[in-house]
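Listed below are the residues making up each chain.
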Amino acid sequence: MRKLELHWQILIGMVLGIVFGFIMTGISWGQGFVSDWIQPLGTIFVKLLKLIAIPLIIASLVKGISDLKDISKFRDIGVRTIGIYIVTTVVAITIGLVLVNVLQPGNGISDDTVAKLTQTYAGDAGVTSKIEEATRQKDSGPLQFLVDMVPDNALKAMSDNGLMLQVIFFTIFLGISMLLIGEDRAKPLKDFFDALNDVVLKMVDLIMLTAPYAVFALLAGVVVSSSDPDLLLALLKYSGVVVGGLLLMIVFYATVVGTFTKKNPFWFLKEISPAQLLAFSTSSSAATLPVTMERVEEHIGVDKEVSSFVLPVGATINMDGTSLYQGVAAVFISQALGFDLTFGDQLTIVLTALLASIGSAAVPGAGMVMLVIVLESIGFPGDKLAIGLALIFAVDRPLDMCRTVVNVTGDATVSMVVAKSTGQLGTPNIKEWDDHYEEVK
Ligand code: ASP
């Protein structure tokens, strides 16, 4: 019998997880059961993915750079990547702003709903911690992000998944220096990292064997801890605008893939779908990164020289879904609380949401922290921030799941476009977890 394709297996796991979560919500001991006995399985899965993220970035980036014949090629890849990332993010924010201005989801919100949401969430630790976090991030100078990118201790950087840009910086430095000592001298190191790269990709294959079960656990956990359905309903129009915008982004990526790489967009979406489904289930582009890299390299055929740079950098700085959401949310909150926005304010939103999405961490809920900074940039009164965030807090998790899918798809799209433009989009070479199993079993 032909084995069911991975994305179908994951999808079935997700649907069963959601159904199971709803059944458990209706049972008195259900919520406790899910959080004690089911959710930990999902948590272990996410930890396994994070566990291999740093070794994978280092091994694959060193391999990518040391395979280059000249450094100028790397500069080409770098400049194109950053340029295209900025363009796609501006497209995303613009789509979000057009939709929220035309459909005006904030104007239909009744005072009662505002009062109820404020009462439920304005003092919630989730909301206040986001405001505090944003204040911490904001109190730094304009060049702080460059300072933060340079580690003062390589091992310390490697020991913290939040310091991915520092690890990338160190690895590029290492890779370029390896090129400069000449092929012969660098060979032992290169062989080591080549082998490490293959090993870590095998680990991705092995972890993915458990993905269908893990997403079951993750989604059951999300459902049992979700908010009051009445509140979710009140925010239906707002959520609809965000999700509609995110869907348009997927159409945009499909068009870009079709136009610039001449590949079938449906094939692209199918091959990348396991990464998208994991992005949805984990709400974290960083946790999804190893799978995104595996899919893009082995199943789509993007050369490692491109993917090893474009994807880790993208996971940290390119968040189209997040920036679209920040644009919509900022205007929605202003509409609902009667805070008038000028055209200039909307342009400010484009700029700050662009910077905010670059600064957002690739973890669940990070987009909401940076939303505080976007709101402050348009002069939103500080004492109303907690009320503003309270308005959208109830639906943040489901929207986070959706925007993370777009973040990951955007990175994969850009890696294809860059690879095509530098002649590095080849044929897929799919490896299975058990390719060498017979030899060792
Ligand atoms: N969860 C998102 C990500 O990891 C970031 C966000 O929008 O909160 O890509």
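Below you will find a few notes about this structure. Worth saying up front: this structure is predicted, and the values here are computed from it rather than measured.

**Focus: the overall build of the protein chain**
Thought 1: A count of helices and strands for the protein chain gives 21 helices and zero strands.
Thought 2: Relative to its length of 441 residues, the protein chain is compact, with a C-alpha radius of gyration of 22 Å against a globular reference of 22 Å.
Thought 3: Burial statistics for the protein chain: of 441 residues in total, 52% are counted as buried.
Thought 4: Looking at the protein chain alone, contacts between residues at least 24 apart form 85% of all its contacts between residues at least 6 apart.
Thought 5: Split by element, the accessible area of the protein chain, about 19,800 Å² in all, is 66% carbon and sulfur.
Thought 6: Within the protein chain, the 41 negative side-chain charges are centred at a point lying 5 Å from the centre of the 30 positive side-chain charges.

**Let's talk about the packing of aromatic side chains**
Thought 1: Per the counting criterion, the structure on display carries 10 aromatic pairs.
Thought 2: Summarising the aromatic geometry, the rings of Trp29 and Phe33 are spaced 5.7 Å apart at their centres and angled 85 degrees between planes, so their arrangement reads as edge-to-face.
Thought 3: For Trp29, a relative accessible area of 51% gives the class exposed.
Thought 4: When the ring of Phe252 is compared with that of Tyr253, the centres are 5.9 Å apart and the planes differ by 50 degrees; the resulting orientation is tilted.
Thought 5: For Phe252, a relative accessible area of 24% translates into the label partly exposed.
Thought 6: The aromatic ring of Tyr325 is capped on one face by Arg403, whose charged end is 3.9 Å from the ring centroid.

**Focus: a nonpolar patch on the surface**
Thought 1: Residues Leu4, Trp8, Leu11, Ile12 and Leu16 make up a contiguous nonpolar surface patch of about 460 Å² in total accessible area.
Thought 2: Checked against the element boundaries, Leu11 lands in helix H1 (residues 6-25).

**What about the side chain of Ser334?**
Thought 1: Its place among the elements puts Ser334 in helix H16 (residues 320-336).
Thought 2: The exposure class of Ser334 is buried, given its relative accessible area of 1%.
Thought 3: Apart from the residues within four sequence positions on either side, Ser334 is in contact with Phe339, Leu341, Ile378 and Phe380.

**Here we look at helix H4 (residues 111-121)**
Thought 1: The set of residues buried in H4 consists of Thr113, Val114, Leu117 and Tyr121. The arc that holds every buried residue of H4, seen down its axis, measures 100 degrees, which confines them to one face. Exposed residues pointing more than 90 degrees away from the buried face of H4 are listed as Asp111, Asp112 and Gln119.
Thought 2: Where H4 is buried, its residues contact helix H5 (125-138), helix H11 (229-234) and helix H19 (385-393).

**With respect to the site of the ligand**
Thought 1: By nearness alone, 15 residues border the ligand, and Ser285, Thr322, Gly367, Asp400 and Arg403 come closest of all.
Thought 2: At a separation of 2.3 Å, an oxygen atom of the ligand approaches a polar side-chain atom of Ser285.
Thought 3: The contact in question runs from an oxygen atom of the ligand to an N or O atom on the side chain of Thr322, over 2.6 Å.
Thought 4: Computed on the free molecule, the ligand has an accessible area of 270 Å², of which 100% lies beneath the protein chains in the complex.
Thought 5: Of all elements in the fold, only helix H18 (366-377) and helix H20 (396-421) reach the threshold of two or more residues within the shell around the ligand.
Thought 6: For the shell around the ligand, the element with the most residues is H20, which contributes four residues.
Thought 7: Grouping the constituent residues of the shell around the ligand by class yields five nonpolar, eight polar and two charged.

**Here's the deal with unusual backbone geometry**
Thought 1: Phi is positive for Gln104, which is not a glycine, with a value near 45 degrees.
Thought 2: Here Gln104 lies in the loop between helix H3 (71-103) and H4.
Thought 3: In the Ramachandran plot, Lys262 falls in the positive-phi region, its phi being about 60 degrees despite a non-glycine side chain.
Thought 4: Structurally, Lys262 is set in the loop between helix H12 (236-261) and helix H13 (265-282).
Thought 5: For Lys262, a relative accessible area of 65% corresponds to the exposed category.

**Focus on the nonpolar core**
Thought 1: Tyr238, Leu371, Leu375 and Ile392 are the most contacted members of the largest nonpolar core, which has 120 residues in total.
Thought 2: In terms of residue count, the dominant contributor to this core is H20 (10 residues).
Thought 3: When neighbours within four sequence positions are excluded, Ile392 is seen to be in contact with Leu235, Tyr238, Tyr325, Ala329, Phe332, Ile333, Met368 and Leu371.
Thought 4: Formed by eight residues, the second largest nonpolar core is a distinct cluster that contains Ile54, Ala157, Met178 and Ala186.

**Observations concerning H19**
Thought 1: Most of H19 sits out of view: eight of its nine residues are buried.
Thought 2: Turning to H19, its buried residues are Leu385, Ala386, Gly388, Leu389, Ala390, Leu391, Ile392 and Phe393.
Thought 3: In this fold, the buried residues of H19 make contact with H4, H5, H12, H16, H18 and H20.

**Concerning the packing of helix H2 (residues 30-66) against helix H8 (residues 164-180)**
Thought 1: Relative to each other, H2 and H8 sit at 30 degrees, their axes nearing to 9 Å. Considered as vectors, H2 and H8 are oriented roughly parallel to each other. For the pair H2 and H8, the crossing hand works out as right-handed. Contacts from Ile54, Ile57, Ile58, Leu61, Val62, Ile65 and Ser66 of H2 reach H8 at Met164, Val167, Ile168, Thr171, Ile172, Leu174, Gly175, Ile176, Met178 and Leu179.
Thought 2: Taken together, the residues that form the contact of H2 with H8 break down as 14 nonpolar, three polar and no charged.

Criteria and thresholds
Residues numbered from 1 in each chain as written. Predicted model: local features only at pLDDT ≥ 70, side-chain atom pairs only at ≥ 80, totals over all residues. Heavy atoms only, no water. Helix = DSSP H or I, 4+ residues; strand = E, 2+ residues; numbered from the N terminus. Rg over C-alpha atoms; globule rule 2.2 N^0.38 Å. Buried < 20%, exposed > 50% of the residue type's maximum accessible area, 1.4 Å probe, protein only. Contact = heavy atoms within 4.5 Å. Areas by Shrake-Rupley, 256 points an atom, 1.4 Å probe, with all protein chains shown as cover. Lys, Arg positive; Asp, Glu negative; His and termini not counted. Charge placed at Lys NZ, Arg CZ, Asp CG, Glu CD. Phe/Tyr/Trp six-rings, centres within 6.5 Å; stacked < 30°, edge-to-face > 60°. Lys NZ or Arg CZ within 6 Å of the ring centre and 35° of its normal. Patch = residues over 30% accessible without salt bridge, like charges linked within 9 Å, V, L, I, M, F, W, Y side chains within 5 Å. Salt bridge = Lys/Arg side-chain N within 4 Å of Asp/Glu carboxyl O. Arc of directions from axis to C-beta. Near = heavy atom within 4 Å. Polar contact = N/O pair within 3.5 Å; in protein donor to acceptor, adjacent residues only side chain to side chain. Nonpolar A, V, L, I, M, F, W, Y, C, P; charged D, E, K, R; others polar. Core = buried A, V, L, I, M, F, W, Y, C linked by side-chain atoms within 4.5 Å. Axes fitted to C-alpha atoms, helices over the stretch in contact; angles between N-to-C directions. Parallel < 35°, antiparallel > 145°, perpendicular 65-115°, else oblique. Left-handed = near helix turned anticlockwise from the far one by under 90°.

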